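This is what each chain is made of:
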Amino acid sequence: MDGGTETLWTRRRIAAAVAPPLLIALAGIAARTPLAAAFPATAALLFLWVAADTIMLALVARTAPARPAPSAVIAALATASLTVWIAAPAPLRAALWAMPPVLVAMACALLGHVALAALAGRRAWRADHGSRPARWRALAETIVPPMLLRLALAELSVLHIALFRWGGPADVPDGARAFSYHRHLTPMCAALLILSVIEAGVYHLLLSHWSGSAALIMFVLSDVGLVYVIGLIKSFRFRPVLVTAEGVRVRAGFLIDRLIPFDAIAGIDTAFEGTTVKAPTTLNAALLAWPNVLIRLHGAPLSHRWRPGRRYTAVAIRLDEPEPFLALVAWRVGLARTGA
């Protein structure tokens, strides 16, 4: 598969992940119009058809050019049935109750998915996945869509660090060496956090004089945002840059986590121009500070996570103590090139 075809398929998969929630949300809005209330049976069938067709087309786009597995088809139909039953207004649910064949088909899809997921979960639990958390994750992947599971785990990780981790060592796997970068980021982020708290307080006071509901919504949103900012600031310390047996794992809290193999590193610079850092082919992982290390790549460039057409040939980072990092990476790259 060439680069253009790969980019096309990647864009289709991204569209397959974004389009279904949007289309189903629009269908849910249409199901609450006066026209839908006047013809609830027709509106319920149309809502069910839109949900099933949208989720099924997204499944085909994600699995193309291969055919989707029968279990995935049943899971898509079950998801559509459950979504319609939860999102449909009361008149449409009453219309579905009045159509037993449709209810039986929806129930069969749900029960079939539960049965297949239970069998797959039993096999996943018995399989050798290493540690107990890995076995639980393999079990969850048989029930929850992998993308939704990754999103849920990421959210739980942010909340765990923001609310419960106030000390302890950084997340460094066995056999890896960590290099911190949080000393220059934490003061600036803390200042931004304080300014955000002041700004949220001012907005809350102004909105409270206009609308109590709007002030309450603003209070909830600002509190959630502050929790995420706190989690991000703390993640800078808990997730340092790593040098592992495979390569350099560039991390910037929750924002960036990319592994650069040693054989993909062409060189490391400590003196470079600003145009190099600002170039679209450079992944700047230094965030709010000017980088002091530039890793140049050769061979296959790094791809952008959400923009398939973007390719990186260099990665810029800022470390609190770059000298030990430079010496270790230079030694490991030399070993990789000699095949030792």
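Above this note sits the structure.
Rules and cut-offs
- Residues numbered from 1 in each chain as written.
- Predicted model: local features only at pLDDT ≥ 70, side-chain atom pairs only at ≥ 80, totals over all residues.
- Heavy atoms only, no water.
- Helix = DSSP H or I, 4+ residues; strand = E, 2+ residues; numbered from the N terminus.
- Buried < 20%, exposed > 50% of the residue type's maximum accessible area, 1.4 Å probe, protein only.
- Contact = heavy atoms within 4.5 Å.
- Areas by Shrake-Rupley, 256 points an atom, 1.4 Å probe, with all protein chains shown as cover.
- Core = buried A, V, L, I, M, F, W, Y, C linked by side-chain atoms within 4.5 Å.
- Salt bridge = Lys/Arg side-chain N within 4 Å of Asp/Glu carboxyl O.
- Lys, Arg positive; Asp, Glu negative; His and termini not counted.
- Polar contact = N/O pair within 3.5 Å; in protein donor to acceptor, adjacent residues only side chain to side chain.

Draft legend 1. Layout of the overall build of the protein chain. Tallying secondary structure elements over the protein chain gives 12 helices and 10 strands in all. Within the span of the protein chain, comprising 340 residues, buried residues form 32% of the whole. Across the protein chain, contacts joining residues at least 24 apart in sequence account for 64% of those joining residues at least 6 apart. Accessible surface, the protein chain as shown: approximately 19,900 Å² in total, 69% of it carbon and sulfur.

Draft legend 2. A look at the environment of alanine 76. As for its placement among the helices and strands, alanine 76 is situated in helix H4 (residues 70-87). Given a relative accessible area of 6%, alanine 76 falls into the buried group. Excluding its chain neighbours within four sequence positions, the residues that come into contact with alanine 76 are Ile55, Met56 and Leu59.

Draft legend 3. Highlighting the nonpolar core. Grouped together as the largest cluster of nonpolar side chains are 31 residues, with contacts concentrated most on Val248, Ile260, Ile265, Ile295, Val315, Ile317 and Phe325. Looking at which element gives the most residues to this core, the answer is helix H12 (residues 322-338), with 4 residues. Ignoring any residue separated from it by four or fewer positions in sequence, one finds valine 248 in contact with Val241, Leu242, Arg258, Leu259, Ile260, Phe262, Ile265, Ile295, Phe325 and Val329. In terms of nonpolar packing, the next biggest core, distinct from the first, is built from 22 residues, Ile24, Ala44, Phe47 and Met99 among them.

Draft legend 4. Spotlight on the pattern of salt bridges. A complete count under the given rule lists 5 salt bridges for this structure. Where arginine 249 meets aspartate 257, a salt bridge forms, and the shortest distance between an N and an O atom there is 2.9 Å. Residue class for aspartate 257 comes out partly exposed when judged on its relative accessible area of 38%.

Draft legend 5. Here's a closer look at the side chain of arginine 239. Summarising the element assignment, arginine 239 is placed in the loop between helix H10 (212-238) and strand E2 (241-243). Buried arginine 239, no salt bridge; nearest opposite-charge side chain is aspartate 171, N-O distance 4.3 Å.

Draft legend 6. Broad picture of the side chain of arginine 251. On the secondary structure map, arginine 251 appears in strand E3 (residues 247-252). Here arginine 251 is buried and forms no salt bridge, its nearest opposite-charge partner aspartate 257 lying at an N-O distance of 4.8 Å. Among the polar contacts listed, one links the side chain of arginine 251 to the backbone oxygen of aspartate 171, at a separation of 2.8 Å. If we skip the residues at most four places from it in the chain, arginine 251 touches Asp171, Tyr181, Phe238, Arg239, Pro240, Val241, Leu242, Ile256 and Asp257.

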